[in-house]
Amino acid sequence: MHALVTGAGQRVGRAIAVDLARRGFDVAVHYRHSRTGADQTVAACHEAGGEAFAVAGDLSKAEDCRAVVDAVRARWDTLDLLVHNASTFEARPFEEIGLEHWEQMMSLHVRAPMLITQGLLPLLRAGGCTQGRAPGEGGVVVHIGDIGADRPLAGYTAYSVSKAALVMLMKCMAVELAPAVRSVGISPGQVMWPPDYDEAKRVRLAGRIPMGRVGSPEDIAKLVSFVAMEAPYLNGVILPVDGGLSARY
Ligand SMILES: NC(=O)c1ccc[n+]([C@@H]2O[C@H](COP(=O)([O-])OP(=O)(O)OC[C@H]3O[C@@H](n4cnc5c(N)ncnc54)[C@H](OP(=O)(O)O)[C@@H]3O)[C@@H](O)[C@H]2O)c1
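As a starting point, this report considers the structure included with it. This one's a predicted model, so the numbers in the text were calculated from it and none came from an experiment. (Residues numbered from 1 in each chain as written. Predicted model: local features only at pLDDT ≥ 70, side-chain atom pairs only at ≥ 80, totals over all residues. Heavy atoms only, no water.)

1. Focus on the site of the ligand
Move 1: The local shell around the ligand holds 29 residues, among which Arg32, Ser34, Leu59, Gly189 and Val191 are the closest.
Move 2: Gln190 places a polar side-chain atom, nitrogen or oxygen, 3.5 Å from an oxygen atom of the ligand.
Move 3: Contacts to the ligand include Val191, whose backbone N or O atom sits 2.8 Å from an oxygen atom.
Move 4: A total of 880 Å² of accessible area belongs to the ligand in isolation, and the protein chains cover 92% of it.
Move 5: Of all the secondary-structure elements, those providing two or more residues to the shell around the ligand are α1 (11-22), β2 (26-31), α4 (99-125) and α5 (157-177).
Move 6: Grouping the constituent residues of the shell around the ligand by class yields 10 nonpolar, 14 polar and five charged. (Near = heavy atom within 4 Å. Polar contact = N/O pair within 3.5 Å; in protein donor to acceptor, adjacent residues only side chain to side chain. Areas by Shrake-Rupley, 256 points an atom, 1.4 Å probe, with all protein chains shown as cover. Helix = DSSP H or I, 4+ residues; strand = E, 2+ residues; numbered from the N terminus. Nonpolar A, V, L, I, M, F, W, Y, C, P; charged D, E, K, R; others polar.)

Structure follows, in structure tokens:
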């Protein structure tokens, strides 16, 4: 089984890649700047029992999206799972949103998943890793969103709008690419703190989560594997993993 995980040089992407390797996937570990981190992810995948290789690219650039597609196509004829995880969580007061910031968010969170899925579609159509479906019946695309896609966080307009557009892209793919290729979204709540959140902010935010604690990257990784391998009728939905945060008033 073959999987491409974008933004897998650290944090949640790494947890997804390593969990997939543990379950028998060979993994293409995409990164942008985290070369050392990507090498560590590749090593951890090997340790977990899977083959892995690193592939670089700034996915806000269309030509880099094509290069990532080409690197995967050069290695594999089939792709069973594609995980759109790469992201930039960046605040910008509304008055200060410039064209560059807006386009960065839209190109990374919306255009890149579209271009990469499009480029790898023949491989996805020839893939398949879900129980109850024969290999070759079709692979899965998993989009990592954010509960902030429909509950905006003040100061993060471009991020929230782009993640909301990713949800629609996920649904469009689910409608147009099925039955061969399934498309599913996972929206994390708080599973890993942004480095710039201080202790007081962390305590305040964690206090709002009905489960009484933040989640973990492994919570996301386990659901990615479940969606890909064990949920053949799941298509066109977004699954929150947030300890109940999005359910509260
Ligand atoms: N952490 C949370 O609690 C949380 C909450 C809600 C949603 N999410 C979502 O879950 C996913 C993973 O979260 P995370 O916190 O692990 O993400 P993250 O650390 O913010 O970003 C993951 C990776 O995305 C890559 N990336 C950023 N800009 C890129 C670009 N222009 N081109 C290519 N790659 C780029 C970075 O790669 P390099 O390091 O190699 O540059 C980075 O390591 C994201 O989609 C995020 O929106 C996370």
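2. Points about the packing of aromatic side chains
Move 1: Applying the stated criterion across every chain yields a total of five aromatic pairs.
Move 2: Geometrically, the ring pair formed by Phe53 and Trp76 is edge-to-face, given 5.4 Å between the ring centres and 70° between the ring planes. Taken together, the residues Phe53 in strand β3 (residues 52-56) and Trp76 in the loop between α3 (62-75) and β4 (81-84) connect sequence positions 23 residues apart.
Move 3: Given the relative accessible area of 10%, Trp76 is considered buried.
Move 4: Taking 6.1 Å as the distance between ring centres and 45° as the angle between the ring planes, the aromatic pair formed by Trp193 and Tyr197 counts as tilted. For the pair Trp193 and Tyr197, a shared accessibility class is recorded, and that class is buried.
Move 5: Three or more aromatic residues joined by ring pairs form one cluster here, namely Phe89, Tyr156 and Tyr159.
Move 6: Above the face of the Phe53 ring, Arg75 is positioned so that its terminal group lies 4.0 Å from the ring centre. (Phe/Tyr/Trp six-rings, centres within 6.5 Å; stacked < 30°, edge-to-face > 60°. Buried < 20%, exposed > 50% of the residue type's maximum accessible area, 1.4 Å probe, protein only. Lys NZ or Arg CZ within 6 Å of the ring centre and 35° of its normal.)

3. Structural notes on the sheet that holds strand β1 (residues 2-5)
Move 1: Taken in spatial order, the seven strands line up as β3-β2-β1-β4-β5-β6-β7 in an open sheet, and their pairing is parallel. The outermost strands of the open sheet, each flanked by one partner alone, are β3 and β7 (238-241). Going from strand to strand, the sheet's axes swing by 20° on average, the running direction of each strand aside.
Move 2: As judged from the five bridges shared by strand β5 (residues 140-144) and strand β6 (residues 182-188), these two strands associate in the parallel manner. (Pairing = 2+ DSSP bridges. Axes fitted to C-alpha atoms, helices over the stretch in contact; angles between N-to-C directions.)

4. Here we look at helix α2 (residues 35-48)
Move 1: With 14 residues, α2 extends 20 Å from end C-alpha to end C-alpha; this agrees with the ideal 20 Å at 1.5 Å per step.
Move 2: Buried residues of α2: Gly37, Ala38, Thr41, Val42 and Cys45, and no others. The buried residues of α2 occupy one face: seen down the axis, they fall within an arc of 145°. Across from the buried face of α2, at angles greater than 90 degrees, the exposed residues are Thr36 and Glu47.
Move 3: On its buried face, α2 sits against α1, β2 and β3.
Move 4: Gly49, located one to two residues past α2, shows a positive phi value of around 110°. (Expected span 1.5 Å × (residues − 1). Arc of directions from axis to C-beta. Contact = heavy atoms within 4.5 Å.)

5. With respect to the nonpolar core
Move 1: Counting residues in hydrophobic clusters, the biggest one holds 35 residues, and the most contacted among them are Ile16, Val27, Leu81, Val142, Ile186, Ile220 and Val224.
Move 2: Among the secondary structure elements, those contributing two or more residues to this core are β1, α1, β2, α2, β4, β5, β6 and α7 (217-230).
Move 3: Not counting the four nearest positions on each side in its chain, Val224 is found in contact with Ile16, Leu81, Val83, Val142, Ile144 and Ile186.
Move 4: Grouped together as the second largest cluster of nonpolar side chains are 27 residues, Leu59, Leu79, Leu123 and Met173 included. (Core = buried A, V, L, I, M, F, W, Y, C linked by side-chain atoms within 4.5 Å.)

6. Comments concerning the pattern of salt bridges
Move 1: Enumeration according to the criterion identifies six salt bridges in this entry.
Move 2: With a closest N to O distance of 2.7 Å, Asp19 and Arg23 form a salt bridge.
Move 3: The partly exposed category is assigned to Arg23, whose relative accessible area is 34%.
Move 4: Close ionic contact of Arg35 with Asp39 constitutes a salt bridge, the shortest N to O distance being 2.9 Å. With a gap of four residues between them, Arg35 and Asp39 both fall in helix α2, about one helical turn apart.
Move 5: Among the charged side chains, a salt-bridge network with shared partners connects Asp19, Arg22 and Arg23. (Salt bridge = Lys/Arg side-chain N within 4 Å of Asp/Glu carboxyl O.)

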